Amino acid sequence: MKTMRKMVEHKPPPIPSGDNQSLIIDHTNKFTVVENWLFDRGDLGAGDKLIYIVLKSWANCERIWPSHKTIARKASVSVATVKRTLTCLMAKRLLVVESGKGNGGCNVYHLCGPGGEKGIPRGVAHRELPPLAHPELPGSSQRATSNTSIKRQDTTTTVVVFDNIKHLVRGTPFQRADEQSLRRFTAKYGCNNVFDSLDMLIATYRQTEKPINNPVAILASGLSKGVIPPLGYVPYHVRAENERKAKEAAELRQRADAAKRKAEEEAFNEKIERFDALPNPEQEKWLQRAFAELSPVLRGSKKAIRCMAIELCSRGL
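This text gives an overview of the structure that appears in the document. (Residues numbered from 1 in each chain as written. Predicted model: local features only at pLDDT ≥ 70, side-chain atom pairs only at ≥ 80, totals over all residues. Heavy atoms only, no water.)

1. Regarding the overall build of the protein chain
Along the backbone of the protein chain there are eleven helices and two strands. Reading the protein chain from its N terminus to its C terminus gives the helix and strand order α-α-α-α-β-β-α-α-α-α-α-α-α. Buried residues in the protein chain amount to 34% of all 317 residues. When the accessible surface of the protein chain is split by element, carbon and sulfur atoms take 53% of a total near 20,100 Å². (Helix = DSSP H or I, 4+ residues; strand = E, 2+ residues; numbered from the N terminus. Buried < 20%, exposed > 50% of the residue type's maximum accessible area, 1.4 Å probe, protein only. Areas by Shrake-Rupley, 256 points an atom, 1.4 Å probe, with all protein chains shown as cover.)

2. Some thoughts on helix α2 (residues 46-56)
Within the span of α2, buried status applies to D48, K49, I51, Y52, V54, L55 and K56. In the core, the buried residues of α2 are packed alongside α1 (36-40), α3 (68-75), α4 (79-91), β1 (95-98) and β2 (108-111). (Contact = heavy atoms within 4.5 Å.)

3. Thoughts on the pairing of β1
Side chains of β1 alternate between two faces, with L95 and V97 and V96 and E98 buried alike. Two elements, β1 and β2, share four bridges in a ladder whose sense is antiparallel. The partner of E98 across the bridge, within β2, is V108. (Pairing = 2+ DSSP bridges.)

4. Side note on unusual backbone geometry
Excluding glycine, residues mostly carry a negative phi; peptide bonds, for their part, are mostly trans. Phi at S76 takes a positive value of approximately 60°, unusual for a residue other than glycine. The exposure class assigned to S76 is exposed, which follows from its relative accessible area of 66%.

5. Thoughts on the pattern of salt bridges
Considering all chains together, one arrives at nine salt bridges under this definition. Among the salt bridges present, the one from R244 reaches E241, with a minimum N-O distance of 2.3 Å. Taken together, the residues span about one helical turn, with R244 and E241 both in helix α9 (residues 236-276) at a distance of three residues. Owing to a relative accessible area of 38%, R244 belongs among the partly exposed residues under this scheme. When its relative accessible area of 31% is taken as the criterion, E241 is described as partly exposed. Where E248 meets R244, a salt bridge forms, and the shortest distance between an N and an O atom there is 2.5 Å. Here E248 and its partner R244 are both found in helix α9, four residues apart, which amounts to about one turn of the helix. Here the residues in one salt-bridge network are E241, R244 and E248, joined through shared partners. (Salt bridge = Lys/Arg side-chain N within 4 Å of Asp/Glu carboxyl O.)

6. Thoughts on the packing of aromatic side chains
Counting across every chain of the model gives three aromatic pairs. Both rings, one in F174 and one in Y205, keep their centres 6.0 Å apart while their planes meet at 70°; by these two values the pair is edge-to-face. Separated by 31 residues along the polypeptide, F174 in the loop between α5 (162-169) and α6 (179-189) and Y205 in helix α7 (residues 191-208) bring together distant segments of the chain. Accessibility expressed as a relative area gives 2% for F174, which makes it buried. Their ring planes at 85° and their centres at 4.9 Å tell us that F195 and Y236 sit as a pair that is edge-to-face. Residue F195 is found in helix α7, and its partner Y236 is found in helix α9; the two are separated by 41 residues along the sequence. A relative accessible area of 3% means that F195 is categorised as buried. Sitting over the ring of W286, K285 keeps its end group 5.1 Å from the ring centre. Directly above the ring of F291 sits R299, whose terminal nitrogen or CZ lies 5.3 Å from the centroid. (Phe/Tyr/Trp six-rings, centres within 6.5 Å; stacked < 30°, edge-to-face > 60°. Lys NZ or Arg CZ within 6 Å of the ring centre and 35° of its normal.)

7. What about the environment of P229?
Checked against the element boundaries, P229 lands in the loop between α8 (215-225) and α9. What makes P229 partly exposed here is its relative accessible area of 22%. In this structure, the C-alpha to C-alpha distance between P229 and D196, residues 33 residues apart in sequence, is 9.9 Å. Dropping the residues within four chain positions of it, P229 is found in contact with M90 and M200.

8. Brief notes about α3
What α3 keeps buried is the set H68, T70, I71, A72 and A75. On its buried side, α3 packs onto α2, α4 and β2. Immediately beyond the C-terminal end of α3, within one or two residues, lies S76, with a positive phi of roughly 60°.

9. Section: a negative patch on the surface
The grouping of E265, E266, E270 and E273 at the surface amounts to a negative patch. On the secondary structure map, E266 appears in helix α9. (Patch = residues over 30% accessible without salt bridge, like charges linked within 9 Å, V, L, I, M, F, W, Y side chains within 5 Å. Lys, Arg positive; Asp, Glu negative; His and termini not counted. Charge placed at Lys NZ, Arg CZ, Asp CG, Glu CD.)

10. Quick look at the nonpolar core
Within the largest apolar cluster, 23 residues are counted, with the highest numbers of intra-cluster contacts made by F174, F185, V194, L198 and L219. Among the secondary structure elements, those contributing two or more residues to this core are α5, α6, α7 and α8. No other element matches α7, which puts seven residues into this core. With residues up to four places along the chain from it excluded, the contact list for V194 reads I165, F185, T186, Y189, L219 and L223. Core analysis: the second largest hydrophobic core is formed by 21 residues, L55, A72, Y109 and L111 among them. (Core = buried A, V, L, I, M, F, W, Y, C linked by side-chain atoms within 4.5 Å.)

Right under this line is the structure:
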C-alpha cells in the first residue's frame, strides 16, 4: 500500500495588532515589486529607498496609513529617521501625505512615481506635487555630503526679516507666540527657516482645524524636527508670485477697458461733430427718423432721440 502524504496547509503569519495600520494585507503576495527607476535615483540614499519600499509593501491595500512606529519597525530604523525620510521623499515629490485622513486620525500616504510613470499598482495614487522651491533639497536619512538638513533649508527666495514673520502670524493662532521666543528662534535657526516653518504649520492647522494651545512649543518642535508640508501646500513665494501676476493681469484688463471706453467716446464725439455740421433741415430729417425708430417709452427723451439720430446718420441709414 502506498503511503498517503498528508497535505499541510501553510497559513499566513498573523497580523500584528496594536497599531492603527492593522489593516487587511494580502499575504498571498510574498514580494514587493520595485521599479528600476528607484535604484537609479542618485539623489536618494539607502534609507530613502528602504522607506519607499516599505510603504510600497502596502500597495495592494485600498489606503496606506501605517504609523511612524510601524514603518520604523519594518525598516529597522528609528522613528526620528522615518520622519526625516518622509520629509525628504515629500520634498523630492515621491510622496504625498494627507494629514489625519486615515483610520484613527493617521496620515494617509500616496506614493508617486517619476514624471510620466505608468502602471502604478492599485492603491498607490500618482499625484502632482506643488513645485519645489529649489531643484534639490539636501538632507535625508542618508549621510549627506554637507551638514545642511531639510529643516534648515530655506524655501523663500527673498530675504525675510522679523517684521515679515510678525505679519505672517497676524490673524492666526500663532500670533499668541511672544516676540521674545520668536526672536530667540530666528537667532538660532534664521528668519527664513522660521518663516517657512510657520507658513507650513499655519497651512497644516488650517486644514485640520485643530486647536493650538501652545504655539511656541509647536514651533520649537517643528524647527528642531522639521515640518512636513500639508497636502496641496504651495510655498509662500509661489503664492506671492501668483498674486502679483493676478494683480498685473487685473491692471492690464482695467487699462484695456479704459482705452476701449476712450476710443468709443472719441468715435462718438466725431459722429456728433459730423451731425452738428449738417444743415438744420437735414438734422430735422434724421431726428424725425430717429423718433420713428425709437420705442414709445423713449420718444419722450430728447437726448435719446438725438443719440439715435446721430447713430443713424453715421451709418447712413
